[in-house]
Amino acid sequence: MPRTYHIWTIGCQMNEADSRHLSSQLESLGYTNHTAAEDADLVVLNTCVVRQQAEDKAVNKLHRLRKVKEQQPAMTVALMGCMVGMKEAPGLKKRFPFVDVFMPPSDTAPLLDYLSDQGLYDAERSFDTREKALRDAIQDEEFALPSGLQGQTVTANVPVVLGCSHACTFCVIPYRRGAERSKPPTAILEEIRRLTAQGVREVMLLGQIIDRYGTDLDDGIDLAGLLKRVAAIPELLRVRFLTSHPNWMTDRLIDTVADTPKICPHIEIPVQAGNDEVLERMRRGYTVDDYRRVVDRIRARLPGAAIHTDIIVGFCGETDEQFMDTYRLAEEMQWEKIHLAKYSVRPKTLAARKLEDDVPADEKERRRKLLDDRQTVILEAKNRALRGQTVEVLVENRHKGRWRGRTPENKLVFFDDPRDLVGQLVPVTINHTAAYALNGELV
Ligand code: SAH
């Protein structure tokens with residue numbers, strides 16, 4: 001009987017990519033994917049702690065797993081991701097003693113070493129020098145799509161900048177994912193080639209401040225250069241990247257998006273707040289006017305581009321009037337999407353140490369809902385304007401019997417067709433729209 005694994009992932013695209021890497025490594029060691037955590041030989045929780053809510057989810061899951069492990073003591077339980085961070089493992093070991101292995105974000109070595117030490121991989125794959133062989137074994141397949149995803153995954157996330165060194169006062173990421181470092185272009189291109197060989201047609205390059213890609217490498221490459229090299233891979237149909245920071249968005253990058261058809265006109269550029277005092281307390285490093293100028297530059301060169309943003313409401317000291325500045329900015333910016341969050345205190349951040357979390361919970365919720373409702377109305381109107389237009393859709397998968405795909409601007413589109421269209425670019429005429437999805441007919 002082959003050993004089975006189950007990975008449970010919450011959080012960002014970076015975590016999804018980390019889980020995919022781990023899956024293919026485990027499969028190269030003879031493990032097979034198992035849909036139920038309850039009776040898998042190995043269960044991995046890949047965690048997120050960017051907000052309290054995400055952390056609560058992980059803790060609940062851990063409590064449930066404790067009971068499963070009591071029933072099945074032979075099960076290996078591993079905890080991965082931002083909950084573990086670079087230094088939290090000893091404290092977590094005390095809190096959750098039944099967890100066998102702790103892995104920092106993007107680092108699967110502790111689990112692979114553990115499985116090796118315990119002899120917990122397929123005996124036929126045993127090697128002379130265990131550790132070296134283990135590493136060699138995963139080298140080849142490290143970037144393969146796990147079996148569970150093969151032939152089904154049209155889009156894949158590819159981390160290119162790990163960690164973050166910016167230290168916004170609200171944000172725990174630098175403490176959990178470590179200092180900023182860029183992956184070498186050769187490794188990135190190799191990973192993407194392997195993905196396209198298995199059917200991937202669109203990649204999303206990832207980094208906390210992705211526009212800083214390459215600043216720590218000595219071969220002079222920048223994000224624009226990397227994007228061009230990625231777009232040159234013939235099988236690849238589309239390239240996206242996130243997240244941008246207003247201070248690092250260069251004209252060279254915007255021009256590259258404009259001049260390279262495969263790079264989608266889709267820019268994720270968080271503003272976080274629409275008021276200068278709040279931005280100052282967040283230590284974002286720009287003013288609202290600076291942000292406006294960046295968006296003007298993008299729109300001048302990429303008129304139809306989808307601009308997405310992130311906003312936190314109820315940050316320390318945010319008055320109602322300051323929140324209303326953010327609300328009015330949403331009206332002015334007409335973003336295609338707002339990732340909206342209520343502020344929650346994160347351990348060790350500057351805000352946790354120096355600022356007071358003084359906006360009451362119900363007030364945070366009121367602000368969130370007000371902005372969310374407004375944004376829904378904005379999107380309903382924007383999408384209504386697409387009715388009758390024909391858009392290009394990259395078909396991803398079936399959803400409730402219909403085809404689901406996205407436009408270059410990352411809008412979700414649903415349509416019917418009896419043929420298998422996975423991974424194809426097709427023209428769809430939009431006939432019905434809502435705030436968060438479009439419906440249409442294949443041309
Ligand atoms: N690197 C990105 C942020 C990635 S984290 C940037 O430069 O902005 C994703 C989003 O989570 C952030 O943009 C922010 O809106 C939200 N977030 C981060 N910390 C938070 C906190 N303590 N409370 C609520 N939302 C938070």
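Residues numbered from 1 in each chain as written. Predicted model: local features only at pLDDT ≥ 70, side-chain atom pairs only at ≥ 80, totals over all residues. Heavy atoms only, no water.

S.K.: Would you mind going over the overall build of the protein with me for this structure?
M.R.: The secondary structure content of the protein amounts to 14 helices and 18 strands. Along the first, second and third principal axes, the C-alpha atoms of the protein reach 60 × 55 × 45 Å. For the protein, with 443 residues in total, the buried portion stands at 54%. As presented, the protein carries roughly 19,500 Å² of accessible surface, and 50% of it is formed by carbon and sulfur atoms. (Helix = DSSP H or I, 4+ residues; strand = E, 2+ residues; numbered from the N terminus. Buried < 20%, exposed > 50% of the residue type's maximum accessible area, 1.4 Å probe, protein only. Areas by Shrake-Rupley, 256 points an atom, 1.4 Å probe, with all protein chains shown as cover.)

S.K.: I would appreciate a short explanation of the site of the ligand in the present structure.
M.R.: As a matter of local geometry, the ligand sits amid 15 residues, with Phe170, Gln208, Gln272, Asp310 and Ser344 nearest to it. In the environment of the ligand, an oxygen atom lies 3.1 Å from a nitrogen or oxygen atom belonging to the side chain of Arg51. In the environment of the ligand, a nitrogen atom lies 3.1 Å from a nitrogen or oxygen atom belonging to the backbone of Phe170. For the ligand, whose free accessible area comes to 540 Å², the fraction covered by protein is 90%. Put simply, the parts of the chain that give the shell around the ligand at least two residues each are strand S12 (306-313) and strand S13 (337-342). Looking at side-chain class alone, the shell around the ligand contains seven nonpolar, three polar and five charged residues. (Near = heavy atom within 4 Å. Polar contact = N/O pair within 3.5 Å; in protein donor to acceptor, adjacent residues only side chain to side chain. Nonpolar A, V, L, I, M, F, W, Y, C, P; charged D, E, K, R; others polar.)

S.K.: Help me out: how do you make sense of helix H9 (residues 251-259) in this one?
M.R.: One full turn of an α-helix is made of 3.6 residues, so residues set three or four places apart face in the same direction. The set of residues buried in H9 consists of Leu253, Ile254, Thr256 and Val257. Looking straight down H9, one finds its buried side chains confined to an arc of 160°; they lie on one side. On the buried face of H9, the contacting elements are helix H8 (223-231), strand S10 (238-242) and helix H11 (288-301). (Arc of directions from axis to C-beta. Contact = heavy atoms within 4.5 Å.)

S.K.: Explain the confidence of the model for the protein to me, please; I cannot follow it from the model alone.
M.R.: Do not read the fine detail of predicted coordinates wherever pLDDT is low. This prediction gives the protein a mean pLDDT of 94; 95% of its residues lie at or above 70. In the model, residues 126-130 has pLDDT below 50 throughout and makes eight contacts with residues more than four positions away in sequence or in other chains. (pLDDT = per-residue confidence, 0-100.)

S.K.: What's the story with the sheet that holds strand S17 (residues 425-433) in this structure? I'm lost.
M.R.: Across a sheet, paired strands are connected by hydrogen bonds in the backbone, their directions being either parallel or antiparallel. On the basis of which strands lie adjacent, the closed barrel formed by five strands has the order S14-S15-S16-S18-S17 and mixed pairing. With direction set aside, neighbouring strand axes in the sheet form an average angle of 55°. Both strand S16 (residues 412-415) and strand S18 (residues 438-442) contribute to a ladder of two bridges, which runs parallel. Residue pairing in the sheet places Val413 in a bridge with Leu438 of S18. (Pairing = 2+ DSSP bridges. Axes fitted to C-alpha atoms, helices over the stretch in contact; angles between N-to-C directions.)

S.K.: Looking at this structure, I do not really get the domain arrangement of the protein. What am I missing?
M.R.: You'll often see interface size given as the accessible area lost when the parts meet. Structurally, the protein comprises domain 1 (4-142), domain 2 (149-384) and domain 3 (390-442). The C-alpha centroid of domain 3 is placed 25 Å from the C-alpha centroid of domain 2. Counting residues at the interface gives 22 residues for domain 2, matched by 19 residues for domain 3. Between domain 2 and domain 3 lies a buried interface of about 1,600 Å² when both sides are counted; carbon and sulfur atoms form 54% of it. Along the contact surface separating domain 2 from domain 3 lie two salt bridges. Its salt-bridge partner being Lys411, residue Glu336 comes within 2.7 Å of it at the nearest N-O pair. Broken down by secondary-structure element, the contributors of at least two residues to the side of domain 2 that touches domain 3 are S10, S12 and helix H14 (361-384). In terms of residues, the side of domain 2 that touches domain 3 owes the most to one element, H14, which gives six residues. Residues belonging to the side of domain 2 that touches domain 3 are distributed by class as follows: six nonpolar, eight polar and eight charged. (Domains from an automatic or database assignment. Buried area = accessible area lost by both parts, 1.4 Å probe. Salt bridge = Lys/Arg side-chain N within 4 Å of Asp/Glu carboxyl O.)

S.K.: Honestly, empty space enclosed by the protein in this entry has me stumped. Any pointers?
M.R.: Empty space left among the atoms is revealed by rolling a probe the size of a water molecule over them. For the structure shown, the criterion picks out one cavity of 30 Å³ or more. In this structure, the largest cavity encloses a volume near 40 Å³. As for the largest cavity, its lining consists of Pro105, Ser106, Leu162, Gly163, Arg177 and Arg181. Among the residues making up the lining of the largest cavity, the classes are represented as two nonpolar, two polar and two charged. (1 Å grid on protein atoms, 1.4 Å probe; cavity = no way out; pocket = protein on both sides within 12 Å on 5 of 7 lines; lining within 4 Å. Points joined across faces, edges and corners; volume = space filled by probe spheres on them.)

S.K.: Whenever I open this one, the sheet that holds strand S2 (residues 32-33) confuses me. Can you help?
M.R.: Spatially, S2-S1-S3-S4-S5 is the arrangement adopted by the five strands of the open sheet, whose pairing is parallel. Strands with a single pairing partner mark the edges of an open sheet, and in this sheet they are S2 and strand S5 (101-103). Sheet topology places strand S1 (residues 4-9) next to strand S3 (residues 42-47); five bridges connect them, and they run parallel. Looking at S3, one finds that Tyr5 is bridged to Leu42. Contacts from helix H1 (residues 13-28) reach S1, S2, S3, strand S4 (76-81) and S5, with the element oriented near 175° to S1. Here helix H4 (residues 109-117) sits on the sheet in contact with S3, S4 and S5, set at roughly 155° to S5.

S.K.: What should I look at first to understand the environment of Met83 in this one?
M.R.: Among the secondary structure elements, Met83 is positioned in the loop between S4 and helix H3 (89-95). Sequence separation of Met83 and Arg176 is 93 residues, and the distance between their C-alpha atoms is 7.4 Å. Other than its neighbours up to four places away in sequence, Met83 contacts Thr47, Val49, Ala58, Val59, Leu62, Glu88, Leu92, Arg95, Phe96 and Arg176.

S.K.: Would you mind showing me how to read the pairing of S4 here?
M.R.: On a regular strand, one side chain projects to one face of the sheet and the next to the other, so that they alternate. Judged by how many residues are buried, S4 sits mostly within the fold: six of six residues are covered. Strand direction decides the pairing type here: S3 and S4, joined by six bridges, are parallel. Bridging across to S4, Asn46 finds its partner in Met80. Of the pairings in the sheet, the one linking S4 to S5 comprises three bridges and is parallel in character. Within the sheet, the bridge partner assigned to Ala78 lies in S5 and is Val101.

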